[in-house]
Amino acid sequence: MSSPCIITVAITGSVPRKEDNPAVPITVAEQVESTQEAFEAGATIVHVHVRDEAQKPSSDPERFAAFQEGVHRHCPGMIVQFSTGGRGRAPEERGAMLHHKPDMASLATGSVNFPNMIYENPPELIDSLAAAMQRYGVKPEVEVFDLAMLYAAAAMAESGSLKSPLHVQFVCGLKNALPPRREILEFEVAQLQALLPDATWTAAGIGRSQLEINHWALEMGGHCRTGLEDNIRFDKERLAKSNAELVARVAALCAGYGRHPASVAEAREILKLPAAV
Ligand code: ZN
């Protein structure tokens, strides 16, 4: 029997601009439209950063709320995941929208170098974001950019500051962080399973590693992330036409690995989220 694969679409991110790929959705209306197309192509989680009029990363809680409302309206049951990522946002602003109670929010459990900056996640910031997520009933997606973040998350699960079962995302191929090497992903997954046997996991490949990481995650029983945040190209020859095109590519790969794109009900069951109303 085929097993469900939850496809996450990371629609916008904080880096790509319209000038890089005109398909990158910037306004909330564009983001909702792009999400709906991706949902129809098989995505069941949408990971979102919002932008201001100048395309800069925004912390405006009302933009996040408007996006969430649009997704609720147009993509019934789809799981909304707000980014608490740091690029272009002050630390105290990173959790400022969690009171809107998205299903999930991203949570990096350590610091790492990004291509052109330090992605700073000091322990007290991690703890305060985790506490806010507990307060508002938001399930974290633990972002593992470097191996130590996995052990930090396991310690937080042990202490109760993160509620089990955890959902972890392994990020591969970001310059200055972990390279997209199969042995690394296999080691990370084995460690996760040893430390937190009930945890679930996704892998994200940045840039040209996106497709290869999708293949590995499908083969190894994990879930997949794709989208213009991570990669604006379809292949060497051309830019991706839309988030939906990248989602459709993953959906089409599933059958080859005895998998199928998870339905909303399956995704919510796997992640132990409340059923959609
Ligand atoms: Zn992100």
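For the structure, see preceding data.
Just so it is clear, the structure is predicted and the values come from calculations on it, not from any experiment. (Residues numbered from 1 in each chain as written. Predicted model: local features only at pLDDT ≥ 70, side-chain atom pairs only at ≥ 80, totals over all residues. Heavy atoms only, no water.)

(A) Spotlight on the overall build of the protein chain. A count of helices and strands for the protein chain gives eight helices and 14 strands. Rg of the C-alpha trace for the protein chain: 17 Å, near the compact-globule value of 19 Å for 277 residues, within the 12% margin. Projected onto its principal axes, the C-alpha positions of the protein chain cover 45 × 45 × 40 Å. Put simply, the protein chain has 277 residues, and 53% of those count as buried. Within the protein chain, counting contacts between residues at least 6 apart in sequence, those at least 24 apart form 70% of the total. Counting every atom, the protein chain has about 11600 Å² of accessible surface; 55% of that belongs to carbon and sulfur. Charged side chains in the protein chain number 26 positive and 34 negative. The centres of these two groups are separated by 2 Å. (Helix = DSSP H or I, 4+ residues; strand = E, 2+ residues; numbered from the N terminus. Rg over C-alpha atoms; globule rule 2.2 N^0.38 Å. Buried < 20%, exposed > 50% of the residue type's maximum accessible area, 1.4 Å probe, protein only. Contact = heavy atoms within 4.5 Å. Areas by Shrake-Rupley, 256 points an atom, 1.4 Å probe, with all protein chains shown as cover. Lys, Arg positive; Asp, Glu negative; His and termini not counted. Charge placed at Lys NZ, Arg CZ, Asp CG, Glu CD.)

(B) Structural view of helix H4 (residues 147-159). For H4, which comprises 13 residues, the first-to-last C-alpha distance of 19 Å matches the rise-based estimate of 18 Å (1.5 Å per residue) to within 8%. Burial in H4 covers these residues: Met149, Leu150, Ala153, Ala154, Met156 and Ala157. Burial along H4 is one-sided: seen end-on, the buried residues are contained in an arc of 160 degrees. Looking at H4, the residues exposed on the side facing more than 90 degrees away from the buried face are Ala148, Glu158 and Ser159. (Expected span 1.5 Å × (residues − 1). Arc of directions from axis to C-beta.)

(C) Just the pairing of strand S11 (residues 167-172), in detail. Across the six residues that make up S11, a large majority, six, are buried. A two-sided burial pattern is seen for S11, the buried positions comprising His167, Gln169 and Val171 on one face and Val168, Phe170 and Cys172 on the other. Across four bridges, strand S10 (residues 139-144) lies against S11 in parallel orientation. The residue bridging glutamate 143 from the neighbouring strand is glutamine 169, located in S11. Viewed along the sheet, the connection from S10 through H4 into S11 turns out right-handed. (Pairing = 2+ DSSP bridges. Right-handed = clockwise from strand over helix to strand, strands pointing away.)

(D) Examining unusual backbone geometry more closely. In this structure, proline 165 follows serine 164 across a cis peptide bond, with omega equal to -5 degrees. Within the secondary structure, proline 165 is located in the loop between H4 and S11. Of note in the backbone geometry, lysine 101 takes a positive phi value of approximately 55 degrees without being a glycine. Tracing the backbone shows lysine 101 in the loop between strand S6 (79-82) and strand S7 (104-108). A relative accessible area of 52% means that lysine 101 is categorised as exposed. Here lysine 272, not a glycine, exhibits a phi torsion of approximately 55 degrees, which is positive. For lysine 272, the position within the fold is in the segment after helix H8 (264-270).

(E) Region of interest: the side chain of glutamate 229. Among the structural elements, glutamate 229 can be located in the loop between strand S13 (223-226) and helix H7 (243-254). Once you skip the residues sitting within four places of it in the chain, glutamate 229 turns out to touch Ala10, Ile11, Thr12, Gly13, Pro16, His47 and His49.

(F) The arrangement of the packing of helix H6 (residues 210-220) against H7 in detail. Interaxial distance between H6 and H7 falls to 10 Å at its minimum, and their mutual angle equals 35 degrees. In terms of crossing hand, the pair formed by H6 and H7 is right-handed. In this structure, H6 uses Gln210, Leu211, Asn214, His215 and Leu218 to contact H7, whose residues at the interface are Leu246, Arg249, Val250, Leu253 and Cys254. Here the residues of the contact of H6 with H7 are counted per class, giving six nonpolar, three polar and one charged. (Axes fitted to C-alpha atoms, helices over the stretch in contact; angles between N-to-C directions. Left-handed = near helix turned anticlockwise from the far one by under 90°. Nonpolar A, V, L, I, M, F, W, Y, C, P; charged D, E, K, R; others polar.)

(G) Representation of the sheet that holds S11 in the model. Spatial strand order, S2-S3-S6-S7-S10-S11-S12-S13: eight strands in a closed barrel with parallel pairing. Strand after strand, the sheet turns through a mean of 25 degrees between neighbouring axes, direction not considered.

(H) Inspection of the layout of surface pockets at higher detail. Here the largest pocket is characterised by a volume of approximately 920 Å³. Every residue lining the largest pocket is counted, 41 residues in all, and those nearest its centre are Ile206, Gly207, Glu229, Asp230 and Asn231. Of all the secondary structure elements, the ones that give two or more residues to the lining of the largest pocket are S7, S11 and H6. The greatest single-element share of the lining of the largest pocket, amounting to three residues, is contributed by S7. Of the residues belonging to the lining of the largest pocket, the class tally is 15 nonpolar, 13 polar and 13 charged. The volume enclosed by the second largest pocket comes to roughly 360 Å³. (1 Å grid on protein atoms, 1.4 Å probe; cavity = no way out; pocket = protein on both sides within 12 Å on 5 of 7 lines; lining within 4 Å. Points joined across faces, edges and corners; volume = space filled by probe spheres on them.)

(I) Just the coordination of the zinc ion, in detail. Taken together, His47 (NE2), His49 (NE2), Glu229 (OE) and Glu229 (OE) make up the full set of protein donors to the zinc ion, lying 2.0 to 2.7 Å away. For the zinc ion, the four donor atoms in the first shell make angles of 52 to 130 degrees at the metal, a pattern classed as irregular. (Donors = N, O, S within 2.8 Å, 3.2 Å for Na, K, Ca; no water. Tetrahedral: all angles 85-135°; square planar, octahedral: opposite > 155°, others 65-115°.)

Without other data, these values stay purely geometric and don't point to any function.
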